[in-house]
Amino acid sequence: FQTFSSIDGLTAHAGGGQALATALTAMQNRITTVASAADSVKLPPSATGMSLTVIKAAAANSVNVFPASGESIDALSINAARAIAANKTCEFFCVTAGQWHSLISA
């Protein structure tokens, strides 16, 4: 079976924002601490064919997921965050470098 790089126990950057957001460095990223609403994490620079999973395991507060500087997620503006609510999982896909697409669990 193929395995993917995984990180558990991530803490979102308190206070939010793109510049200081906690970097997502694995293919599967499980966030367990989000101290306040809009604390943040950041996707790596996109590449065609890339796929990343973000699991928001903390029960309280949503987390803001930012793209790398100069990139975008879905139809959001460049550098704008995609919010993920408590206990949701989001898959991020890149078909064209610089543009992420997301799919959030129900």
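Anything mentioned here points back to the structure above.
Residues numbered from 1 in each chain as written. Predicted model: local features only at pLDDT ≥ 70, side-chain atom pairs only at ≥ 80, totals over all residues. Heavy atoms only, no water.

A.B. asks: Would you mind going over the side chain of T53 with me for this structure?
C.D. replies: Assignment of secondary structure puts T53 in strand β5 (residues 51-56). In this structure, T53 is in contact with M27, Q28, N29, T89, C90 and E91, ignoring residues within four places of it in sequence. (Helix = DSSP H or I, 4+ residues; strand = E, 2+ residues; numbered from the N terminus. Contact = heavy atoms within 4.5 Å.)

A.B. asks: Hey, could you run me through the sheet that holds strand β6 (residues 63-66) in this one?
C.D. replies: Strands in a sheet are paired, the pairing made by backbone hydrogen bonds, and the direction either parallel or antiparallel. With mixed pairing, the 4 strands of this open sheet are ordered in space as β2-β4-β6-β8. For this open sheet the edge positions go to β2 (22-23) and β8 (82-84), each flanked by a neighbour on one side alone. Note that β2 and strand β4 (residues 39-42) share 2 bridges and pair parallel. If you follow T22 over to β4, its bridge partner there is V41. (Pairing = 2+ DSSP bridges.)

A.B. asks: In this structure, what is going on with the sheet that holds strand β7 (residues 72-73)? I would like to understand it.
C.D. replies: Judged by pairing direction, the sheet is mixed, and its 6 strands sit side by side in the order β1-β3-β5-β9-β10-β7 without closing on themselves. Each edge of the open sheet is held by one strand with a lone partner, namely β1 (6-11) and β7. Across 6 bridges, β5 lies against strand β9 (residues 88-96) in antiparallel orientation. Across the sheet, the residue bridging to T53 is E91, located in β9.

A.B. asks: Even after reading the chapter, I still don't get the environment of T53, so can you show me in this structure?
C.D. replies: Residue class for T53 comes out buried when judged on its relative accessible area of 14%. On a C-alpha basis, the gap between T53 and T89 in space is 7.2 Å, while along the polypeptide they are 36 residues apart. Side chain to side chain, T53 and E91 meet in a polar contact 2.5 Å long. (Buried < 20%, exposed > 50% of the residue type's maximum accessible area, 1.4 Å probe, protein only. Polar contact = N/O pair within 3.5 Å; in protein donor to acceptor, adjacent residues only side chain to side chain.)

A.B. asks: Help me understand the nonpolar core in this model?
C.D. replies: For soluble globular proteins, nonpolar side chains are generally found buried alongside one another. Residues L43 and F92 are the most contacted members of the largest nonpolar core, which totals 18 residues. Counting only elements with at least two residues in this core, the list comes to β5, β6 and β9. Here this core takes 3 residues from β9, the largest share from any one element. (Core = buried A, V, L, I, M, F, W, Y, C linked by side-chain atoms within 4.5 Å.)

A.B. asks: What is the right way to read the side chain of S40 from this model?
C.D. replies: Here S40 shows up in strand β4. S40 gets classed as buried once you look at its relative accessible area, which sits at 0%. Sequence-distant contacts of S40, defined by excluding residues within four places in its chain, comprise A12, H13, G16, G17, A21, T22, V63, N64 and F66.

A.B. asks: Looking at this structure, how should I read unusual backbone geometry?
C.D. replies: Excluding glycine, residues mostly carry a negative phi; peptide bonds, for their part, are mostly trans. Phi at D74 is positive, roughly 50 degrees, even though this residue is not glycine. Inspection of the secondary structure puts D74 in the loop between β7 and β8. The phi torsion at N79 lies on the positive side, around 70 degrees, for a residue other than glycine. For N79, the location among the structural elements is in the loop between β7 and β8. Relative accessible area serves as the criterion here: at 26%, N79 is assigned to the partly exposed category.

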